[in-house]
Amino acid sequence: MAITAGCGAVAEKTDSSSSSSSAAGADKKYTIACDAKYAPFSMEVDGKYKGIDVELLDAIAKEEGFEYELKPMDFSGIIPALVSDQIDGAIAGMNITDERKQKVDFSDGYITSGLAVVVNKDNTSINKVEDLQGKTAAVKKGTTGAKFAEDNKDKYGLTINYYDDSPSMMLAVANVSRCSCSSASARSYM
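The following refers to the structure shown.

About the thresholds
- Residues numbered from 1 in each chain as written.
- Predicted model: local features only at pLDDT ≥ 70, side-chain atom pairs only at ≥ 80, totals over all residues.
- Heavy atoms only, no water.
- Helix = DSSP H or I, 4+ residues; strand = E, 2+ residues; numbered from the N terminus.
- Buried < 20%, exposed > 50% of the residue type's maximum accessible area, 1.4 Å probe, protein only.
- Areas by Shrake-Rupley, 256 points an atom, 1.4 Å probe, with all protein chains shown as cover.
- Salt bridge = Lys/Arg side-chain N within 4 Å of Asp/Glu carboxyl O.

What follows is about the overall build of the protein. Counting its regular elements, the protein contains six helices and eleven strands. Per-residue burial for the protein yields a buried fraction of 41% across its 190 residues. As displayed, the protein offers around 9900 Å² of accessible surface, 47% of which is attributable to carbon and sulfur atoms.

The next subject is the pattern of salt bridges. Under the counting rule described, the total for this entry stands at seven salt bridges. Here Asp-165 makes a salt bridge to Lys-37, at a shortest N to O gap of 3.8 Å. Here the residue Asp-165 occupies a position in the loop between β10 (159–163) and α6 (166–175), and Lys-37 occupies one in the loop between β3 (29–35) and β4 (43–45), the gap between them amounting to 128 residues. Given the relative accessible area of 10%, Asp-165 is considered buried. Salt-bridge contacts for Asp-58 lead to Lys-62; the nearest nitrogen and oxygen are separated by 2.9 Å. Linking Asp-58 with Lys-62, this pair stays in helix α1 (residues 52–64), spanning four residues, or about one helical turn. For Asp-58, a relative accessible area of 6% translates into the label buried.

Next up on the list: unusual backbone geometry. In the segment running from Ala-39 into Pro-40, the intervening peptide bond is cis, with an omega of 5°. Take Pro-40: it is sitting in the loop between β3 and β4. At Asp-46, a position not held by glycine, the phi torsion is positive, near 55°. Residue placement: Asp-46 occurs in the loop between β4 and β5 (48–50).

Rendered as structure tokens:
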């Protein structure tokens, strides 16, 4: 089991093959998951998956000489799929935490990211973390943003609404007076 992470080519929605063939991986086709909707890391464009993670995976497959089937899924399903051997690996912009390291192996990190609070452009009442008091937070299931909201629910009196993907979460923030606890991909929606 491994989670690799990285930077950017275009891969077919369910299939990609390599042009080189190293002895170690030439006979193996791996099933590799990615987050189905996490721009700029992975996203479907005209029936093909593109983004930083997809391009990195394609480059690794070519360098190491293996084929893979890309299996886009909701972010919250990636670790359970790895642990239950439904997939061979994953590539996702995922924070490496001690809790996650107890379940899966990680590659070296490829981006430094933290959490950010994203608010509707018309919201001027949230300027610092203390301003979250009594607010509704839109969070993506299984993320460190969701964990932050859960860990601080009582402290800030948060109401938490969970979403399966980043676009749905950001749409909730854009349409109503909510905030989102998010990470690196937040800039893709600004």
